[in-house]
Amino acid sequence: MDNPTQLQFVQWLRSVAPYIHAFRGKTFVVAFPGELVTSGILPVLAQDLSLLHALGIKVVIVHGSRPQVAEQLMLRNIKERFHNSVRITDSAGMECAKEAAGELRLDIEAAFSQGLPNTPMAHAAIRIISGNFITAKPLGVIDGIDFELTGVTRKIASETIHHILSTGSLVLLSPLGFSPTGEAFNLTMEDVAVSAATALHADKLIFITETPMMMDKNNQEVRELSSQQAQVLLNTRFLPTDIAFYLRHAVKACNGGVPRAHIVPFAIDGSSLLELFTHDGVGTMITHENLESLRPATIEDVGGIIKLIEPLEADGTLVKRGRELIEREIEYFSVIEHDGVIFACAALYPFAAEKMAEMACLTVNPEVQAQGDGERLLKYVENRARAAGYTKLFVLTTRTAHWFLKRGFVNATVDALPKDRQHMYNWQRKSLVLIKHL
């Protein structure tokens, strides 16, 4: 009999392999507040980010410095001033921000220089590069408040950063920026992170935060939101100020073209790894999805669905469905709509007794097939199936088996189908049976 510990390790390694393949070569912007450093977690985070680097992920780090600046101000007996959660920075505060940023940069560089044997940093030779990569401008006067030397990011030296990342180094961005005249400005970590992720066309923006897991009004964990859902939640003004501040910037990143933004509590050991390499994660993921374009179908969509699937029915790729059948089954369909036109559709048929569901009629307009709409729709249908309590998703296909196999489905036999579906199997079409565990 296999050693249970060994078997568990092998199963775990196999389960994370798809994430490793998917993330290799991608660019992640990882941002954390100064509170993470004061909590003593920086060495562990450095180990986790070094692991991401070792897996071929390009990592840009953005650090905050709020508690460190507060400490410097207190030592100088200077009172802090804030408006809408943003620090008002005078000349004395600017000196404190510079000193705090300098100390933090050295601490972070030291953390990535660890190399003791029998630690995750053993054999890791990581170079972390920082510099004047941020052009900034003054925030100005808002609500009658002059923010003085507090600024906002104007431009990120994206080409330079990409070049550094291509050499295998990490890039470190501090919350300081400089004007073309050489004036320094104090920035928020969140603003720098969003600007960097957007300018670099990053695949992920990850906020590792001092805040707890996001909860809704019913005290339920908020695991995933579209950017539109997140904006609705922000408009309720229910969330605590600090969590809302992170969420607002995550939404801004997604609206700026970043596909995924994550808000992950640093109180959980290895939270960044758990968020990235486990299915449910340990934080909140915000996705750039337009709910008006990716949604359950309505009766008004029947005509668009018929127009979309008719060519595939004609060449035998899909089983023919009449208008009346689609109208009866419209509740099972999901669609992607752009400017009132249905560009993709799929149906999800439940088999509750076996906790299985069938995805059928997955169709994408040939004009947009290279834009990833099929992948988006598959993930959306998978999430609907999980939410309904199904543990397996299956498809029957004659021509697209390879596409499904690349996305986690495996070959199966007709006997693996639910009993009712076995009775409906068309032996003349001889469709391949593919199943995915959810």
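Residues numbered from 1 in each chain as written. Predicted model: local features only at pLDDT ≥ 70, side-chain atom pairs only at ≥ 80, totals over all residues. Heavy atoms only, no water.

Caption draft 1: Structural context of the packing of helix α8 (residues 227–235) against helix α9 (residues 241–255). Here α8 crosses α9 at 150°, and the two axes come no closer than 10 Å. The angle between α8 and α9 places the two elements in the roughly antiparallel class. For the crossing formed where α8 meets α9, the hand is left-handed. Across the interface between the two elements, Ser227, Ala230, Gln231, Leu233 and Leu234 from α8 touch Ala244, Leu247, Arg248, Val251, Cys254 and Asn255 from α9. Of the residues that constitute the contact of α8 with α9, the class distribution is seven nonpolar, three polar and one charged. (Axes fitted to C-alpha atoms, helices over the stretch in contact; angles between N-to-C directions. Helix = DSSP H or I, 4+ residues; strand = E, 2+ residues; numbered from the N terminus. Parallel < 35°, antiparallel > 145°, perpendicular 65-115°, else oblique. Left-handed = near helix turned anticlockwise from the far one by under 90°. Contact = heavy atoms within 4.5 Å. Nonpolar A, V, L, I, M, F, W, Y, C, P; charged D, E, K, R; others polar.)

Caption draft 2: Structural detail: the side chain of Asp373. Secondary-structure assignment places Asp373 in helix α13 (residues 373–387). Those residues in contact with Asp373 that lie beyond four places of it in its chain are Ile336, His338, Val364 and Val368.

Caption draft 3: Focus on the layout of surface pockets. Size it by volume and the second largest pocket reaches roughly 1,200 Å³. Around the second largest pocket sit 46 residues that line it, and Leu318, Arg321, Ala360, Cys361 and Leu362 are the ones nearest its centre. Breaking the lining of the second largest pocket down by element, the ones donating at least two residues are α11 (302–314), β19 (341–351), β20 (356–364), α13, β21 (392–397), α14 (401–405) and α15 (419–424). Residue classes in the lining of the second largest pocket are distributed as 23 nonpolar, 13 polar and ten charged. (1 Å grid on protein atoms, 1.4 Å probe; cavity = no way out; pocket = protein on both sides within 12 Å on 5 of 7 lines; lining within 4 Å. Points joined across faces, edges and corners; volume = space filled by probe spheres on them.)

Caption draft 4: Quick look at unusual backbone geometry. One non-glycine residue, Ser85, adopts positive backbone phi at about 70°. Within the secondary structure, Ser85 sits in the loop between β3 (82–83) and β4 (86–87). Here His201, not a glycine, exhibits a phi torsion of approximately 55°, which is positive. Within the element layout of this structure, His201 appears in the loop between α7 (189–199) and β13 (204–209).

Caption draft 5: Region of the structure containing the environment of Val44. Structurally, the position occupied by Val44 is in helix α3 (residues 42–54). Remark: the alpha-carbon pair of Val44 and Val29, spanning 15 residues in sequence, is separated by 18 Å.

Caption draft 6: Here's a closer look at the packing of α7 against α9. Following both chains from N to C, one finds α7 and α9 inclined at 15°, their axes separated by 9 Å at the closest point. Taken as axis vectors, α7 and α9 run roughly parallel relative to one another. Judged by the sense of rotation from one axis to the other, the crossing of α7 with α9 is right-handed. Together, Met189, Glu190, Asp191, Val194 and Thr198 of α7 and Phe245, Tyr246, His249, Lys252 and Ala253 of α9 make up the contact between the two elements.

Caption draft 7: Region of the structure containing the sheet that holds strand β23 (residues 432–437). Here seven strands make up an open sheet; going across it, the order is β17-β18-β19-β20-β21-β23-β22 and the pairing mixed. Edge strands, defined here as strands with exactly one partner in the open sheet, are β17 (294–296) and β22 (410–412). On average, each strand axis in the sheet is inclined to that of its neighbour by 30°, with strand direction left out of account. Packing of α11 onto the sheet brings it into contact with β18 (333–338), β19 and β20, and relative to β19 it is tilted by some 85°. α13 rests against β17, β18, β19, β20, β21 and β23 of the sheet, and its axis sits at about 145° to β18. (Pairing = 2+ DSSP bridges.)

Caption draft 8: Region of interest: the pairing of strand β10 (residues 170–173). Neither face of β10 is open: one carries Leu170 and Leu172, the other Val171 and Leu173, and all of them are buried. Relative to β10, strand β5 (residues 128–130) runs parallel, the two sharing three bridges. Within β10, the residue paired with Ile128 across the bridge is Leu170. (Buried < 20%, exposed > 50% of the residue type's maximum accessible area, 1.4 Å probe, protein only.)

Caption draft 9: Inspection of the state of the cysteines at higher detail. A complete count under the given rule lists zero disulfides for this structure. In this model Cys361 remains outside any disulfide bridge; the closest cysteine sulfur is found in Cys345, 4.3 Å from its own. You can call Cys361 buried: its relative accessible area is 5%. (Disulfide = S-S within 2.5 Å.)

Caption draft 10: Just the nonpolar core, in detail. Among the nonpolar cores identified, the biggest contains 54 residues, and Val29, Ile161, Leu173, Leu205, Phe207, Met214 and Leu247 are the most heavily contacted of them. Tallying contributions element by element places α9 first for this core, with eight residues. Ignoring any residue separated from it by four or fewer positions in sequence, one finds Ile161 in contact with Val60, Phe133, Ile156, Val171, Leu173 and Leu200. With 32 residues, the next largest nonpolar core counts Val16, Val30, Ile206 and Phe277 among its residues. (Core = buried A, V, L, I, M, F, W, Y, C linked by side-chain atoms within 4.5 Å.)

Caption draft 11: Representation of a nonpolar patch on the surface. Residues Phe9, Val10, Trp12 and Leu13 make up a contiguous nonpolar surface patch of about 390 Å² in total accessible area. Structurally, the position occupied by Val10 is in helix α1 (residues 4–23). Taking the relative accessible area as the measure of exposure, Val10 reaches 32% and is therefore partly exposed. (Patch = residues over 30% accessible without salt bridge, like charges linked within 9 Å, V, L, I, M, F, W, Y side chains within 5 Å. Areas by Shrake-Rupley, 256 points an atom, 1.4 Å probe, with all protein chains shown as cover. Salt bridge = Lys/Arg side-chain N within 4 Å of Asp/Glu carboxyl O.)

Caption draft 12: Fine view of the side chain of His249. Mapping His249 onto the fold places it in helix α9. Setting aside residues no more than four positions away along its own chain, His249 makes contact with Glu190, Asp191, Val194 and Phe207.

Caption draft 13: Expanded view of the pairing of strand β15 (residues 260–265). Among the six residues that make up β15, five are buried, leaving the element largely enclosed by the rest of the structure. As paired elements, β13 and β15 share six bridges and run parallel to each other. Paired with Ile208 across the bridge in β15 is Val264. As defined by bridge partners, β15 adjoins strand β16 (residues 284–287) across four bridges and the pair is classed as antiparallel. If you follow Ala261 over to β16, its bridge partner there is Ile286.

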